[in-house]
Amino acid sequence: MRRAVCPGSFDPITNGHLDIISRASRLYDEVYVAVMINKSKKGLFEVEERLDLIRQVTAEYGNVRVEAFHGLLVDFCKQRDIPAIVKGLRAVSDFDYELQMAQMNIGLSGVETLFVPTNPTYSFLSSSLVKEVATWGGDISHLVPPVVLEALNKRLRKD
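This structure is a prediction, so every number in the text was calculated from the model and none was measured.

Concerning the pattern of salt bridges
- Counting across every chain of the model gives 13 salt bridges.
- Salt-bridge contacts for R3 lead to D81; the nearest nitrogen and oxygen are separated by 3.9 Å. Placement of the pair is R3 in strand β1 (residues 3-8) and D81 in the loop between α3 (73-80) and β4 (84-89), with a sequence separation of 78 residues.
- Of the charged contacts in the structure, one is a salt bridge between R65 and E30, with a shortest N-O distance of 2.8 Å. Residue R65 is found in strand β3 (residues 64-69), and its partner E30 is found in strand β2 (residues 30-36); the two are separated by 35 residues along the sequence.
- What makes E30 buried here is its relative accessible area of 10%.
- One continuous salt-bridge network, built from bridges that share partners, spans R3, E30, R65 and D81.

Right, dumping it as structure tokens:
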């Protein structure tokens, strides 16, 4: 069975993330979406909320598993026999950072990293930008799945 992981914080998941996950799901038998937990960062959504949103928007793929993980991504991969990490690249600046991570990961554990160029429609998109625009009342309906839009609107109205 060919396995890969798409890691990230997914706070929240965007259409750009979904594009990469969808493409990976066509290339691999099983794709893990790993919500990496950084205890030093406070997200807009709790980890369980992110997991739930991701499960909802990836349910149609059938071969996607969603899990949270605290620690090194290579440990996540070793524990699940995952030989490949799939990462989307938006710009050259992403490549500089991601290349260092990929080299560290292969050096630590032999886990390969595959870079997928982001669909140009989403080349500017990030969770941070989505949250900022949504906070100020901008229209993000074309940037996130409907269930995520609903959750964002509910959360931002509440705060």
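Describing the side chain of R3
- The exposure class assigned to R3 is buried, which follows from its relative accessible area of 19%.
- Reaching out from R3, the side chain makes a polar contact with the side chain of E30 at a distance of 2.7 Å.
- Those residues in contact with R3 that sit more than four places away from it in its chain are Y28, E30, Y32, R80, D81, I82, P83 and A84.

Definitions and limits used
Residues numbered from 1 in each chain as written. Predicted model: local features only at pLDDT ≥ 70, side-chain atom pairs only at ≥ 80, totals over all residues. Heavy atoms only, no water. Salt bridge = Lys/Arg side-chain N within 4 Å of Asp/Glu carboxyl O. Helix = DSSP H or I, 4+ residues; strand = E, 2+ residues; numbered from the N terminus. Buried < 20%, exposed > 50% of the residue type's maximum accessible area, 1.4 Å probe, protein only. Polar contact = N/O pair within 3.5 Å; in protein donor to acceptor, adjacent residues only side chain to side chain. Contact = heavy atoms within 4.5 Å.

The analysis is restricted to geometry; functional conclusions fall outside its scope.
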